[in-house]
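A closer look at the structure
The lines below spell out each chain.
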Amino acid sequence: MSALFPHRHLLGIEGLSAKDIVSVLDTAEVFYEVSRRPVRKVPTLRGKGVINLFFEASTRTRTSFELAGKRLSADVVNISTSTSSVTKGETLLDTLKTLEAMRPDVIVIRHPSSGAALYASQKVGCSIVNAGDGTHEHPTQALLDAFTIRRAKGRLDGLVVTICGDVAHSRVARSNARLLGMLGSKVRVVGPRTLMPADCAALGVEVFDRLEPALEGADVVMVLRIQQERLQGALIPSLREYSKTYGIGPRTLRYAQPDAVVLHPGPMNRGVEIDPATADGERSMVLEQVEAGVAVRMAVLYLLAADPGTGMTAG
Ligand code: CP
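Residues numbered from 1 in each chain as written. Predicted model: local features only at pLDDT ≥ 70, side-chain atom pairs only at ≥ 80, totals over all residues. Heavy atoms only, no water.

1. With respect to the overall build of the protein chain
What counts here: Secondary structure follows DSSP: runs of H or I at least 4 residues long count as helices, runs of E at least 2 residues long count as strands, and numbering of each begins at the N terminus. Only the C-alpha atoms count toward the radius of gyration. The rule for a globule is 2.2 Å times the residue count to the power 0.38. Type-normalised accessible area, obtained with a 1.4 Å probe on protein chains alone, sets the label of each residue: buried when under 20%, exposed when over 50%, and partly exposed for intermediate values. Between two residues, a contact is recorded if the distance between any of their heavy atoms is within 4.5 Å.
Of regular secondary structure, the protein chain possesses 12 helices and nine strands. By the compact-globule yardstick of 20 Å for 315 residues, the protein chain fits well, its C-alpha radius of gyration being 19 Å. Its C-alpha atoms give the protein chain principal-axis dimensions of about 55 × 45 × 35 Å. Counting the 315 residues in the protein chain, one finds 57% classified as buried. Across the protein chain, the fraction of contacts at a sequence separation of at least 24, relative to all contacts at a separation of at least 6, is 76%.

2. A few points about unusual backbone geometry
Of note, the amide linkage connecting Gly 266 to Pro 267 takes the cis form, showing an omega dihedral of -10 degrees. On the secondary structure map, Pro 267 appears in the loop between strand 9 (261-263) and helix 11 (276-279). Its identity as a non-glycine residue notwithstanding, Ser 73 has a phi of 70 degrees, on the positive side. Positive phi outside glycine occurs at Arg 103, with the angle close to 60 degrees. Mapped onto the secondary structure, Arg 103 falls in the loop between helix 3 (92-100) and strand 3 (106-111).

3. Some points on the state of the cysteines
The cut-off we apply is this: Disulfides are defined as pairs of cysteine sulfur atoms found within 2.5 Å of each other.
Counted according to the given criterion, the structure contains zero disulfides. Note on Cys 200: no disulfide assigned, nearest cysteine sulfur contributed by Cys 164 at a separation of 13 Å.

4. Here we look at the pairing of strand 5 (residues 160-164)
Rule in force here: Note on pairing: two strands pair once DSSP finds at least 2 bridges between them.
For strand 5, a buried count of five out of five residues is recorded, marking the element as mostly surrounded by other parts of the structure. Burial along strand 5 is two-sided: Val 160, Thr 162 and Cys 164 facing one way and Val 161 and Ile 163 facing the other are all buried. Inspection of the sheet shows strand 5 paired to strand 6 (residues 186-190) by five bridges, in the parallel sense. Within strand 6, the position partnered with Ile 163 by the bridge is Val 189. Pairing of strand 5 with strand 8 (residues 220-223), which is carried by four bridges, proceeds in the parallel orientation.

5. A few points about the pairing of strand 3
In terms of residue burial, strand 3 counts as a mostly covered element, since six of its six residues are buried. In strand 3, alternate side chains face the same way, and those of Val 106, Val 108 and Arg 110 on one face and Ile 107, Ile 109 and His 111 on the other are all buried. Pairing geometry for strand 1 (residues 49-54) and strand 3, over five bridges, is parallel. Bridging across to strand 3, Phe 54 finds its partner in Arg 110. Bridge analysis of strand 3 against strand 4 (residues 127-133) gives five bridges, and the strand direction is parallel. Note that in strand 4 the partner of Ile 109 across the bridge is Asn 130.

6. Some points on the nonpolar core
Where we set the bar: Buried Ala, Val, Leu, Ile, Met, Phe, Trp, Tyr and Cys residues that are joined via side-chain atoms within 4.5 Å together make up what is termed a nonpolar core.
Within the largest apolar cluster, 66 residues are counted, with the highest numbers of intra-cluster contacts made by Phe 31, Leu 143 and Leu 179. In terms of residue count, the dominant contributor to this core is helix 12 (residues 286-305) (12 residues). Grouped together as the second largest cluster of nonpolar side chains are 23 residues, Leu 215, Ile 226, Ile 236 and Ile 274 included.

7. Here's the deal with the sheet that holds strand 7 (residues 206-208)
Convention followed: Only the contacting stretch of a helix is used when fitting its axis, a line to C-alpha atoms as for every element, and angles between N-to-C directions run 0 to 180 degrees.
Spatially, 7-6-5-8-9 is the arrangement adopted by the five strands of the open sheet, whose pairing is parallel. Two strands bound the open sheet, and with one partner strand each, they are strand 7 and strand 9. Pairs of neighbouring strands in the sheet enclose a mean axial angle of 20 degrees, with direction left out of account. Where strand 8 and strand 9 come together, three bridges link them in parallel fashion. Residue pairing in the sheet places Val 220 in a bridge with Val 261 of strand 9.

8. Side note on the layout of surface pockets
For clarity, the threshold we go by: Think of a 1 Å grid over just the protein atoms. A cavity is a set of points where a 1.4 Å probe fits yet cannot get out, a pocket is an open set with protein on both sides within 12 Å along at least five of seven lines, and lining residues have an atom within 4 Å of a point. Grid points are joined across faces, edges and corners, and a volume is the space filled by probe spheres set on the points. Throughout, the ten residues Ala, Val, Leu, Ile, Met, Phe, Trp, Tyr, Cys and Pro are labelled nonpolar, Asp, Glu, Lys and Arg are labelled charged, and all others, Gly among them, are labelled polar.
Quantified by volume, the largest pocket comes out at close to 400 Å³. Considering the residues around the largest pocket, the lining is formed by 21 residues, among which Arg 110, Arg 171, Arg 225, Gly 266 and Pro 267 are closest to the centre. Among the elements of the structure, helix 2 (60-71) and helix 6 (171-182) are those that each provide at least two residues to the lining of the largest pocket. Its residues assigned to classes, the lining of the largest pocket comprises five nonpolar, nine polar and seven charged. Estimated volume of the second largest pocket: approximately 190 Å³. Lining the second largest pocket we find 15 residues, and of these Arg 8, Asp 105, Ser 127, Leu 304 and Ala 305 sit closest to its centre. Examining the composition of the lining of the second largest pocket, we find that three residues originate from one element, helix 12, more than from any other. Here the residues of the lining of the second largest pocket are counted per class, giving eight nonpolar, three polar and four charged.

9. Re helix 3
Going by this rule: In this description, one arc is meant: the one made by directions from the helix axis to the C-beta atoms.
Three or more residues of helix 3 are buried, namely Leu 92, Thr 95, Leu 96 and Leu 99. Buried positions in helix 3, seen along its axis, are confined to an arc of 95 degrees and lie on one side of it.

Structure representation (structure tokens):
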């Protein structure tokens with residue numbers, strides 16, 4: 001276990017201290033520089049094994065964990081459950097036990113059930129990283145968002161961050177609200193009441209149902225994806241109506257600070273929660289977030305799996 005990050009697993013932002021989070025962000029700065037070199041590989045995790053076990057679709061998270069492991073010289077295996085024995089009825093427990101028998105050092109898991117990563121951590125001996133569990137947490141997304149904001153603004157403390165949209169179904173919002181609040185940002189959430197979770201008070205955020213006051217003076221506007229695959233029943237009248245009332249674009253961004261930056265975890269529903277020109281505009285941090293994702297995930301794998309005393313760029 002690393003003195004910088006005294007945890008065996010990364011299951012959520014809940015359970016981490018502000019010091020742990022800063023350790024990950026500072027470590028990621030080193031790997032961000034490594035990822036910009038002509039040769040983007042260090043021997044740090046040579047001989048270690050990482051398995052990416054994804055029970056849900058992913059482009060950014062899975063690819064960046066794969067690249068992160070490979071840039072650290074680990075052996076990386078990706079398992080998509082649609083082509084695994086899960087399709088033959090194998091249980092999560094049997095899948096985990098089977099993979100554990102191959103002696104990986106880390107299993108990165110994404111699963112539609114909240115609590116799946118915690119369950120995995122109780123059943124296997126290797127480190128578990130939560131790559132998104134149901135509507136619960138997506139800790140590496142929050143870490144990469146914080147890394148992106150800190151690079152853009154030079155700090156997290158004292159910033160006003162407005163998280164817009166489908167908060168109820170968003171593990172990204174939950175992890176971000178926890179992390180940013182812990183590091184001194186003032187976090188607001190805004191969206192239709194039907195898309196606000198019951199536990200907003202526990203997250204320590206200010207809740208709005210109108211966009212304009214929620215964006216007033218914001219330094220960071222974090223736009224969430226409308227998760228049509230998780231929406232059950234008539235929680236919003238229509239996507240068109242939602243876009244008119246809660247869509248982020250030039251008209252609504254006038255309320256935020258003139259130098260406010262716009263984040264979106266992806267994948268984006270262009271023309272629904274975000275105007276396409278804003279998504280591609282100069283305030284947009286969307287591709288910076290993707291680049292940060294590799295560095296932050298390198299930091300997480302390093303902190304969990306490197307042998308004690310191994311330097312960040314040494315074997
Ligand atoms: N932000 C995010 O988790 O994207 P993917 O679903 O593409 O991994």
